[in-house]
Amino acid sequence: MANHHSSPVPIGLVQRAIVISGALIVLFLWVMFYYHNDQIHDERLKAEAAEHLNLSVIIAENLRQMADRAKAAGGIYRSEQQQGGDVAERLSRLLAGDPVFNRLSVFGARGQLLFASHEAGLAVLPPAWLERLHSDTEVTANEPFIPPALGDAQTHWPFPNWRLPFLVPLAGSDGQVMLVEMDIGYLVSLYHYIDLGQTGFIQLLDASNRERMRADSSGVIIGGATLSPAPGQDGSAVYTSRVGSKLYQSAFHGMPQHGFTVVISKQYDEILQSFRAGQSRQLLFNGVMTLAVLICVFWMVRMLHGQQAALRTLQQSQGENQQLIARLESEHERSSRAASTDHLSGLFNRRQFIEVASRQLVEQRSRRRLLAVLFIDLDRFKSINDTLGHRIGDLLLQAVAGRITRLLEPGDEAARFGGDEFVVLLAGSRTEQQIISWVDQLTQRLSAPYQLEDSEVNTSPSIGISICPRDGQDVDSLIRHADAAMYSAKRAGRGRYRFFDPSLNVADVQEFYLEQAFGEALAKHQFVLHYQPQIDLDSMSVTGYEALVRWKHPDFGLIYPDRFISIAERSGFIIGLGEEVITLACRQLAAWGDEGLDTRVAVNVSAIQLSQPHFSSMVLRQLAETGVETWRLELEITETAILEKESMAIASLETLRAAGLGVSLDDFGSGYAGFAHLQSLPVNKLKIDRGLIAQLSNSHDDSLIVSFTITLAKRLSLRVVAEGVETPEQLVYLRLAGCDLVQGYHFSRPMPAEQVAEFERGFHATKVNAE
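## Brief notes about the overall build of the chain
Inference 1: A count of helical and extended segments in the chain gives 24 helices and 27 strands.
Inference 2: Relative to all contacts within the chain whose residues are 6 or more apart in sequence, the contacts with residues 24 or more apart total 62%.
Inference 3: Carbon and sulfur atoms provide 53% of the accessible area of the chain, an area that totals close to 39,700 Å².

If you want it as structure tokens, here you go:
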């Protein structure tokens with residue numbers, strides 16, 4: 001009888017399969033190693049290149065701003081030269097107040113010296129520079145540029161290494177050129193805080209790619225090794241330089257119109273130092289893993305002497321593969337988590353929070369439970385950041401994130417949206433009262449002092465709260481409504497919280513935006529003046545203008561003072577705004593004087609301004625700097641400005657009156673000041689409030705208050721101005737009552753300065769035709 005046996009799998013085939021599997025695993029490990037290293041290598045170089053490109057653009061922009069200051073100096077010289085002014089005195093004052101420029105010189109078309117602010121300078125402009133001025137098509141009038149460096153053979157070059165020259169071709173001056181010398185040490189000091197590493201440095205090249213300055217984190221470098229020059233072109237790029245055997249990655253930003261290129265260089269070895277350290281660790285890990293795989297394969301082959309041994313080896317290999325797959329999945333999950341969190345606080349970022357909150361919202365609504373969204377903004381964070389530094393600011397954000405996290409319960413989530421803004425989602429089974437209790441506890445925790453390194457920091461949160469389903473049905477609406485409620489809380493004071501209310505005044509939110517933007521508006525000079533004419537009733541001629549401030553906001557357009565004056569007074573910006581208004585008025589008076597229009601301008605002054613001890617000296621200084629006669633500026637004060645801090649206000653006004661300025665009492669009749677009090681004030685004009693003028697008509701029983709006010713003001717030797725005149729009947733009444741000056745829509749609305757000349761011509765022509 002025959003026996004039937006199943007044919008076993010050949011051991012050699014199984015061994016080959018195991019060897020091939022081991023080889024594939026090793027190959028996979030090393031392919032992944034090199035692929036991962038190549039990616040990190042390229043990303044490290046790209047990140048460093050992007051940072052250096054950004055830094056080169058910033059430095060080039062700073063140099064361009066300094067070139068603009070050199071251009072302004074050229075404009076001052078041409079202006080003083082055309083007006084016959086004292087050029088030396090004006091330029092000397094400019095140099096004395098400028099920390100950047102050391103010397104100024106002016107040369108003729110042939111290079112001869114015409115003016116020099118200091119001795120021991122150039123007597124003749126170098127021929128190479130003259131040739132550049134006359135032959136280079138890129139040289140533009142009034143556009144400063146750094147001239148090419150002179151060769152070593154020209155030993156007569158007198159400039160020290162720490163000076164950088166700018167040449168400014170002066171337009172309309174028969175080929176004259178100004179030489180402005182800048183202190184390189186000052187420029188380098190602006191970037192001493194930048195960490196360029198041990199090998200990193202900044203280069204400044206001229207149009208010929210000659211090095212004019214080199215500096216690193218410690219200061220100016222003298223006699224450094226020469227790198228291959230940057231390509232001479234406009235814009236930014238990255239290239240590779242070499243010094244001996246050392247390779248450098250260099251990023252540059254060129255401005256050919258100003259004759260310079262800024263280059264940031266750093267050795268590849270230093271850039272890749274941290275990468276190579278990690279590469280060594282990964283290499284060791286891969287070596288250990290490769291050895292482990294080889295040992296495993298060898299052991300499996302040795303054990304394949306029987307069918308059962310082969311089965312056990314196969315099962316063990318399958319288990320190891322599953323562990324490898326689990327590890328890869330764990331690594332993938334960890335990398336996904338890193339992409340969804342804020343790197344500073346460890347909380348969710350905006351994108352991940354919205355995704356998680358959307359899922360929580362669906363779950364809470366399906367269970368008929370409340371869901372709350374909290375929008376948190378830290379009070380005074382910008383001040384803390386600017387005062388104590390960004391490191392303390394980052395530590396504060398991390399501490400706040402930690403305090404928020406420790407209060408969260410299962411189902412709650414938190415995120416940082418950027419800056420000092422945090423968002424919290426409260427889920428679970430809380431009632432509205434429990435939400436309030438939780439927010440109270442959060443407010444107390446976040447308002448407690450923070451001990452950060454050697455500094456004790458105090459801040460508080462402004463919190464806005466929206467609840468689903470009452471305040472919104474989706475995450476975006478809830479976040480937006482919580483944000484609006486937060487602004488309402490911030491307006492109410494620090495360390496407060498507010499629930500969203502559909503009746504929240506949108507204007508309040510806009511007012512908060514305006515208050516936050518006020519400082520930037522002053523720095524960027526977004527305020528302009530409009531001018532309303534004042535008419536003399538005897539001669540029917542224009543005797544002056546009242547200057548009315550407007551905010552030229554980039555988003556909201558032209559904003560009138562009734563929307564931002566109260567904000568300025570409440571936030572303390574009224575002092576800076578008042579000085580800006582006086583400066584603009586003085587400059588406009590100077591410009592009109594140059595055009596032959598010798599008129600006067602009245603500006604409004606607040607009570608807070610008058611309470612400043614140096615107010616009068618500030619006004620006189622502005623007049624002196626612009627060269628405007630004192631009689632051409634008039635100040636308009638209110639009764640409140642006199643009644644508050646009366647002694648200091650009157651002292652300032654008396655000083656200005658003695659210097660020749662006019663002072664008017666504005667809005668008379670709307671407050672509490674009487675004629676008995678008026679007698680002791682240093683004013684020479686009285687402006688009747690528009691509310692009294694609006695009641696007038698041309699009849700015999702018109703308001704006696706206006707008539708009595710005009711009569712009593714005449715007794716006190718005061719000129720009377722009526723504002724808000726809109727009808728011919730009002731004009732006739734005021735003229736019969738003896739009023740001196742009028743202003744209002746009957747003659748003109750407030751207008752920009754560019755329209756004043758046209759108004760004057762039209763008003764004069766109307767007067768001539770009437771005569």
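Having seen it, we continue.
## Brief notes about the packing of helix α22 (residues 704-715) against helix α23 (residues 728-737)
Inference 1: At their nearest, the axes of α22 and α23 sit 10 Å apart, and the two run at 40° to each other. Between α22 and α23, the interaxial angle falls into the category oblique. Regarding α22 and α23, the two cross each other, and that crossing is right-handed. Side by side, α22 and α23 meet where Val706, Ser707 and Ile710 of the first sit next to Tyr733, Leu734 and Ala737 of the second.
Inference 2: For the contact of α22 with α23, a count of residues per class yields five nonpolar, one polar and no charged.

## What to know about the nonpolar core
Inference 1: By size, the foremost hydrophobic cluster in this structure holds 75 residues, and its most contacted members are Leu577, Leu734 and Val742.
Inference 2: By residue number, the principal contributor to this core is helix α15 (residues 574-594), which donates nine residues.
Inference 3: Apart from residues no more than four positions distant in its own chain, Leu734 is found in contact with Leu537, Ile693, Leu696, Val706, Ile710, Ala722, Val725, Cys739 and Val742.

## Thoughts on unusual backbone geometry
Inference 1: A cis amide bond, omega 10°, links Cys468 with the succeeding residue Pro469.
Inference 2: Mapped onto the fold, Pro469 is located in the loop between β16 (461-468) and α12 (475-492).
Inference 3: In the Ramachandran plot, Arg380 falls in the positive-phi region, its phi being about 65° despite a non-glycine side chain.
Inference 4: Tracing the backbone shows Arg380 in the loop between β11 (371-378) and α9 (381-388).
Inference 5: Although it is not a glycine, Ser717 adopts a positive phi angle of roughly 60°.
Inference 6: Mapping Ser717 onto the fold places it in the loop between α22 and β25 (719-723).

## Quick look at the confidence of the model for the chain
Inference 1: When the pLDDT values of the chain are averaged, the result is 82; 86% of them are 70 or greater.
Inference 2: Scored below 50 in pLDDT, residues 153-158 makes five contacts in the model with residues more than four places away or belonging to other chains.

## Here we look at the packing of aromatic side chains
Inference 1: Under the defined criterion, the tally for this structure stands at 18 aromatic pairs.
Inference 2: Ring centres of Phe527 and Phe564 lie 5.7 Å apart, and the angle between their planes is 55°; on these two criteria the pair is classed as tilted. With Phe527 in strand β18 (residues 527-536) and Phe564 in helix α14 (residues 561-571), this residue pair connects regions lying 37 residues apart in the sequence.
Inference 3: Judged by its relative accessible area of 2%, Phe527 falls in the buried class.
Inference 4: For Phe564, a relative accessible area of 0% puts it in the buried group.
Inference 5: The lysine or arginine in question, Arg214, covers the ring of Phe201, its NZ or CZ lying 4.6 Å from the ring centre.
Inference 6: Sitting above the plane of the Tyr450 ring, Arg403 keeps its charged end 3.6 Å from the centroid.

## Observations concerning the environment of Val362
Inference 1: Note on placement: Val362 falls in helix α8 (residues 350-366).
Inference 2: For the pair Val362 and Gln473, spaced 111 residues apart in sequence, the C-alpha to C-alpha distance is 9.8 Å.

## What about the pairing of strand β21 (residues 600-604)?
Inference 1: Here four bridges tie strand β19 (residues 541-553) to β21, and the two strands are oriented parallel to one another. Bridge pairing in β21 links Glu546 to Ala602.
Inference 2: Bridging between β21 and strand β22 (residues 633-637) involves four bridges; their strand directions are parallel. In the sheet register, Ala602 faces β22, and the bridge partner there is Glu634.

## Observations concerning the sheet that holds strand β3 (residues 163-169)
Inference 1: Pairing within the open sheet is antiparallel, and its four strands lie in the order β2-β1-β4-β3. Each edge of the sheet is formed by a strand with only one pairing partner; in this case those strands are β2 (113-116) and β3. Neighbour to neighbour, the strand axes of the sheet diverge by 20° on average, direction disregarded.
Inference 2: Strand direction decides the pairing type here: strand β1 (residues 101-107) and β2, joined by three bridges, are antiparallel.

## Remarks on the sheet that holds strand β10 (residues 260-267)
Inference 1: The antiparallel open sheet is built from six strands, whose spatial order is β7-β6-β5-β10-β9-β8. Two strands in the sheet have a free side with no partner beyond their single neighbour: β7 (219-220) and β8 (235-243).
Inference 2: Pairing of strand β5 (residues 201-206) with strand β6 (residues 211-216), which is carried by four bridges, proceeds in the antiparallel orientation. Bridge assignment links Leu205 to a residue of β6, and that residue is Glu211.

## Regarding the environment of His41
Inference 1: Turning to its location among the elements, His41 is positioned in helix α1 (residues 11-83).
Inference 2: Counting along the chain gives 230 residues from His41 to Ile271, while the straight-line C-alpha distance between them is 9.6 Å.
Inference 3: If we skip the residues at most four places from it in the chain, His41 touches Leu272 and Phe275.
Inference 4: Among the polar contacts made by the side chain of His41, one reaches the side chain of Asp42 at a distance of 3.4 Å.

Quick notes on the rules
Throughout, a residue's number is its position along its own chain's written sequence, starting from 1. In keeping with the predicted nature of the model, local features appear solely for residues at pLDDT of at least 70, side-chain atom pairs appear and are counted solely at 80 or more, and the whole-chain, interface and lining totals rest on all residues. Note that water and hydrogens are dropped before the side-chain values are worked out from all heavy atoms of the structure. Going along the chain from the N terminus, every DSSP run of H or I of four or more residues is numbered as a helix, and every run of E of two or more is numbered as a strand. In this description, contact between two residues means that some pair of their heavy atoms is separated by no more than 4.5 Å. All accessible areas in this document rest on Shrake-Rupley with a 1.4 Å probe, and a residue is counted as covered only by the protein chains that are shown. Whenever a helix is involved, its axis is fitted only over the stretch in contact; in every case the axis is a line through C-alpha atoms, and angles between N-to-C directions fall within 0 to 180 degrees. For classification purposes, an angle smaller than 35 degrees is called roughly parallel, one larger than 145 roughly antiparallel, one from 65 to 115 roughly perpendicular, and anything else oblique. Whether a crossing is left-handed or right-handed is set by the direction in which the near helix is turned from the far one by less than a right angle, anticlockwise for left-handed and clockwise for right-handed. Polar here means any residue other than Ala, Val, Leu, Ile, Met, Phe, Trp, Tyr, Cys and Pro, which are nonpolar, and Asp, Glu, Lys and Arg, which are charged; Gly is therefore polar. Take the buried residues of types Ala, Val, Leu, Ile, Met, Phe, Trp, Tyr and Cys, join any two whose side-chain atoms come within 4.5 Å, and each joined set is a nonpolar core. Accessible area is worked out with a 1.4 Å probe on protein chains only. A residue is then buried under 20% of its type maximum, exposed over 50%, and partly exposed in between. For every residue, the predictor assigns a confidence score, pLDDT, that lies between 0 and 100. Two rings from Phe, Tyr or Trp (for Trp, the six-membered ring) form a pair when their centres are within 6.5 Å of each other. A pair whose planes differ by under 30 degrees is stacked, one over 60 is edge-to-face, and the rest are tilted. Whether a charge sits over a ring comes down to the Lys NZ or Arg CZ being within 6 Å of the ring centre and within 35 degrees of the ring normal. When DSSP finds two or more bridges between two strands, those strands count as paired. We call two N or O atoms a polar contact when they sit within 3.5 Å, provided that within protein one can donate a hydrogen and the other can accept it, with sequence-adjacent residues counted only if both atoms are side-chain atoms.

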